[in-house]
Amino acid sequence: MGRLIVGLDEVGRGPLAGSVVAAAVVMYESQQIVGVRDSKKLSAKNRVLLCSEIRTTAIGFAIGEADIEEIDRINILHASMLAMERALAALPQDLLIRLEHAFVDGNRLPNLSIPATAVVGGDDSIQSIGAASILAKVHRDDQMCKAAVEYPQYGFERHMGYPTAQHLDALKQHGICPLHRRSFAPIRKLLQVDAVA
């Protein structure tokens with residue numbers, strides 16, 4: 001089985017709206033789940049199916065988030081690190097003390113309580129990171145679909161808050177809502193125009 005490790009990944013750096021969400025997935029280093037890879041390379045249907053399998057076969061998992069206010073206050077990079085730190089901290093204590101190593105997607109490490117390695121492209125090369133990528137993506141997509149019910153004019157269920165042409169058009173037509181990240185350039189520009197007007 002090998003070492004007991006945890007994979008960490010976040011989703012939601014690029015969107016103009018919503019939280020940044022991270023997941024921590026605990027697995028044995030040799031454990032394999034067929035089909036697990038970078039969540040962006042999977043269809044929504046496959047992500048949901050794999051998410052269910054990960055939840056039942058992983059040794060443990062947890063979600064962490066940084067909200068819109070935190071993103072605007074400390075910037076998206078630091079908010080992403082914070083979300084990963086929170087995901088790790090949310091694991092059960094009895095599992096945390098057994099972890100031998102953390103693998104984090106990307107080229108930077110959050111402030112973690114265990115030894116860790118940053119791996120560029122890790123969501124495609126390390127199972128636990130790929131699993132974390134899928135859990136975080138499914139969780140965040142669910143949030144944005146719920147947001148779409150509250151704010152139907154933006155079409156969040158279609159673009160998940162990313163700056164698509166449809167989303168940008170909706171912003172021009174309806175302005176911003178409480179879910180929009182005010183520190184992001186397209187939102188900031190809209191606010192500046194409104195302030196001048």
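Now for a description of the structure that goes with this document.

About the thresholds
For every chain, the first residue of its written sequence is number 1, and the numbers climb from 1 along that sequence. With pLDDT at 70 or above as the cut-off, local features in this predicted model cover only qualifying residues; side-chain atom pairs require 80 or more to be listed or tallied, and sums for whole chains, interfaces and linings still use all residues. Remark: hydrogens and water are excluded; side-chain values derive from all non-hydrogen atoms of the structure. A run of DSSP states H or I qualifies as a helix once it reaches four residues; a run of E qualifies as a strand once it reaches two. Both are numbered from the N-terminal end. Every radius of gyration here is taken over C-alpha atoms, with the globule rule written as 2.2 Å times N^0.38, N being the number of residues. Each residue is placed in one exposure class: buried if its accessible area under a 1.4 Å probe, protein chains only, is under 20% of its type's maximum, exposed if it is over 50%, and partly exposed if it falls in between. The criterion used for residue contact is that any of the two residues' heavy atoms lie within 4.5 Å. Each cavity reported here is a set of points on a 1 Å grid over the protein atoms alone in which a 1.4 Å probe fits but cannot get out, each pocket an open set with protein on both sides within 12 Å along at least five of seven lines, and each lining residue one with an atom within 4 Å of a point. Grid points are joined across faces, edges and corners, and a volume is the space filled by probe spheres set on the points. Classification used: nonpolar for Ala, Val, Leu, Ile, Met, Phe, Trp, Tyr, Cys and Pro, charged for Asp, Glu, Lys and Arg, polar for all others including Gly. To define a nonpolar core, start from buried Ala, Val, Leu, Ile, Met, Phe, Trp, Tyr and Cys residues and group those joined through side-chain atoms within 4.5 Å.

### Focus: the overall build of the chain
Across its full length, the chain carries nine helices and five strands. Secondary structure elements of the chain occur, N-terminal to C-terminal, as β-β-α-β-α-α-α-β-β-α-α-α-α-α. Relative to a compact globule of 197 residues, whose C-alpha radius of gyration would be 16 Å, the chain shows 17 Å and is just as compact. C-alpha extents for the chain along the principal axes are approximately 60 × 35 × 25 Å.

### Points about the side chain of lysine 137
By secondary structure assignment, the location of lysine 137 is in helix H6 (residues 127-150). On the basis of relative accessible area, lysine 137 is assigned to the buried category, the value being 14%. Ignoring any residue separated from it by four or fewer positions in sequence, one finds lysine 137 in contact with Val11, Ser39, Arg47 and Met160.

### So, the layout of surface pockets
What the largest pocket holds in volume is close to 200 Å³. Together, 14 residues line the largest pocket, and Glu10, Val11, Gly12, Lys40 and Tyr162 are the ones closest to its centre. Listing elements by their share of the lining of the largest pocket, those giving two or more residues are strand S1 (4-11) and H6. Examining the composition of the lining of the largest pocket, we find that three residues originate from one element, S1, more than from any other. When its residues are assigned to classes, the lining of the largest pocket shows two nonpolar, four polar and eight charged.

### Topic: the nonpolar core
In terms of nonpolar packing, the biggest core is built from 41 residues, with Val6, Leu8, Leu88, Leu91, Leu99, Phe156 and Leu179 touching the most fellow members. Per element, the largest residue contribution to this core is seven residues, and it comes from helix H3 (residues 76-89). The next biggest cluster of nonpolar side chains, apart from the first, holds 18 residues, and it includes Val25, Leu42, Cys51 and Ala131.

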